[in-house]
Amino acid sequence: MSIGRVELPSLKSRCSEVEWETRVNLAACYRLLERMGLSDLTNTHTSARIPGTEHFLINPYHWTFDEVTASSLVKIDIEGQIIDRAADDLDINPAGYVIHSAVHQARPDVQCVIHTHTRAGTALSALKCGLLPISQKAMRFHGRIAYHQYEGPAINLEERARLQRHLGDKNALILFNHGLLTCASTTAEAFNAMLSLDRACQIQIDAMSCNTELETPSEEIQNLTARLFDPTVRRPYGVKEWPAMLRMLDRKDPSFRD
């Protein structure tokens, strides 16, 4: 690994091809979240299911997102018990995994779950009105976003059932007074959804701060736009862009692949 990073043995030789690919993509996602300003020091998490298994990958606790590498990711089961790690001192935040385990447990169609505490996302989560259809980015989520009431820090396992019920079959969730969550069948799609959702929140907060009447498209236009942006009838979001994202990271710092 490059200077200034924790030295760890590579896990590539003891991983299947699909697990290693999942590790590289998840490590890339962490680096991108940091680069796009979507991290919160060492808090919040992104997790990914290893296809064909009941095991998941998540970041080591107290590592910043720009430190995460493919080998540093910790392999766990659905309850957050550690299955494999590159070093004995790589632990996870069990409390942080409550939200992720809720989604992975209820949604076998989901590979990747991203949870953030960004300024814009948290500000939006404090508004009773929720996400308004006042921008094209917001209308991408029209009728496709869920809400979950705040119950304090997510450390209570009983909260998982309520999280699962509120999320349902949607891939975007606003946790009131807390932050944002996106999930998808690939890491690329989950990242793209989070970036778009956070931008929609930024736009709404900026527009509302102008203290003037908001321009809201008609319900007909909202529904039309939502249909045109429906990922089930168009190409999945983020998939075609993902190789370019990886190339950008390779130019900046390819150590995420270690």
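Please read all numbers here as calculations on a predicted model, not as lab measurements.

A.B. asks: So, the overall build of the chain: which residues are in play, and what are the values?
C.D. replies: Assigned secondary structure in the chain consists of 8 helices and 8 strands. The C-alpha atoms of the chain give 18 Å as radius of gyration, which agrees with the globular expectation for 258 residues (18 Å, within 12%). The dimensions of the chain, computed from C-alpha atoms along their principal axes, are 55 × 40 × 35 Å. Burial status across the chain gives 51% buried among its 258 residues. Counting only contacts in the chain whose residues sit at least 6 apart along the sequence, the fraction spanning at least 24 positions is 69%. Counting 28 positive and 32 negative side-chain charges, the chain places the averaged centre of each group 4 Å from the other.

A.B. asks: Would you mind going over the layout of surface pockets in detail, with residue names and values included?
C.D. replies: Where empty space is left can be seen by rolling a probe of water-molecule size over the atoms. The calculated volume of the largest pocket comes to roughly 370 Å³. Looking at the largest pocket, it is lined by 20 residues, and the ones nearest its centre are Arg140, Arg144, Asn171, Cys183 and Pro231. Listing elements by their share of the lining of the largest pocket, those giving two or more residues are strand S8 (179-184) and helix H6 (187-208). Among the residues making up the lining of the largest pocket, the classes are represented as 10 nonpolar, 3 polar and 7 charged.

A.B. asks: So what's going on with the environment of leucine 33? Which residues, and what values?
C.D. replies: Take leucine 33: it is sitting in helix H1 (residues 17-35). In this structure the C-alpha to C-alpha distance between leucine 33 and cysteine 210, which are 177 residues apart in sequence, comes to 28 Å. If sequence neighbours within four positions are ignored, leucine 33 has contacts with Leu38, Ser39, Thr46, Phe65, Ile114 and Phe191.

A.B. asks: Talk me through the nonpolar core; I want residue IDs and the actual numbers.
C.D. replies: In terms of nonpolar packing, the biggest core is built from 55 residues, with Ile114, Leu131, Phe191 and Trp242 touching the most fellow members. Element by element, the count of residues in this core is highest for H1, at 9 residues. When near neighbours in sequence (up to four residues on either side) are disregarded, tryptophan 242 contacts Asn25, Ala28, Cys29, Leu32, Thr187, Ala188 and Phe191.

A.B. asks: Lay out the pairing of strand S1 (residues 46-49) in plain terms, naming residues and giving numbers.
C.D. replies: Residues Thr46 and Ala48 of S1 are buried on one face, and the alternating residues Ser47 and Arg49, pointing to the opposite face, are buried as well. Here S1 pairs with strand S5 (residues 112-116) via 3 bridges, running antiparallel. Bridge pairing links alanine 48 to cysteine 112 in S5. Alignment of S1 against strand S2 (residues 56-58), held across 2 bridges, turns out to be antiparallel. Paired with arginine 49 across the bridge in S2 is phenylalanine 56. Linking S1 to S2, which pair antiparallel, is a turn of 6 residues; within it glycine 52 sits at a positive phi near 80°.

A.B. asks: How would you summarise empty space enclosed by the protein if you had to cite specific residues and measurements?
C.D. replies: Scanning all chains against the criterion turns up 1 cavity of 30 Å³ or more. As a volume, the largest cavity reaches approximately 50 Å³. Forming the boundary of the largest cavity are Ile99, His148, Gln149, Tyr150, Glu151, Gly152, Ala154, Glu159, Leu175, Phe176 and His178. Classifying every residue of the lining of the largest cavity gives 5 nonpolar, 4 polar and 2 charged.

A.B. asks: Kindly report on the pairing of strand S7 (residues 172-175), identifying the contributing residues and their values.
C.D. replies: Here S7 shows no split at all, with Ala172 and Ile174 on one side and Leu173 and Leu175 on the other all buried. By the bridge criterion, 3 bridges tie strand S6 (residues 146-148) to S7 in an arrangement that is parallel. Pairing of histidine 148 across the sheet is with leucine 175, part of S7. Read as a crossover between parallel neighbours, the route from S6 over helix H5 (residues 159-167) to S7 is right-handed. Of the strand pairs in this sheet, S7 and S8 are connected by 4 bridges, and their pairing is antiparallel. Along S8, the bridge assignment pairs isoleucine 174 with leucine 180. Between S7 and the antiparallel strand that follows it, S8, lie 3 residues; asparagine 177 among them carries a positive phi value of about 60°.

Calculation criteria
- Residues numbered from 1 in each chain as written.
- Predicted model: local features only at pLDDT ≥ 70, side-chain atom pairs only at ≥ 80, totals over all residues.
- Heavy atoms only, no water.
- Helix = DSSP H or I, 4+ residues; strand = E, 2+ residues; numbered from the N terminus.
- Rg over C-alpha atoms; globule rule 2.2 N^0.38 Å.
- Buried < 20%, exposed > 50% of the residue type's maximum accessible area, 1.4 Å probe, protein only.
- Contact = heavy atoms within 4.5 Å.
- Lys, Arg positive; Asp, Glu negative; His and termini not counted.
- Charge placed at Lys NZ, Arg CZ, Asp CG, Glu CD.
- 1 Å grid on protein atoms, 1.4 Å probe; cavity = no way out; pocket = protein on both sides within 12 Å on 5 of 7 lines; lining within 4 Å.
- Points joined across faces, edges and corners; volume = space filled by probe spheres on them.
- Nonpolar A, V, L, I, M, F, W, Y, C, P; charged D, E, K, R; others polar.
- Core = buried A, V, L, I, M, F, W, Y, C linked by side-chain atoms within 4.5 Å.
- Pairing = 2+ DSSP bridges.
- Right-handed = clockwise from strand over helix to strand, strands pointing away.

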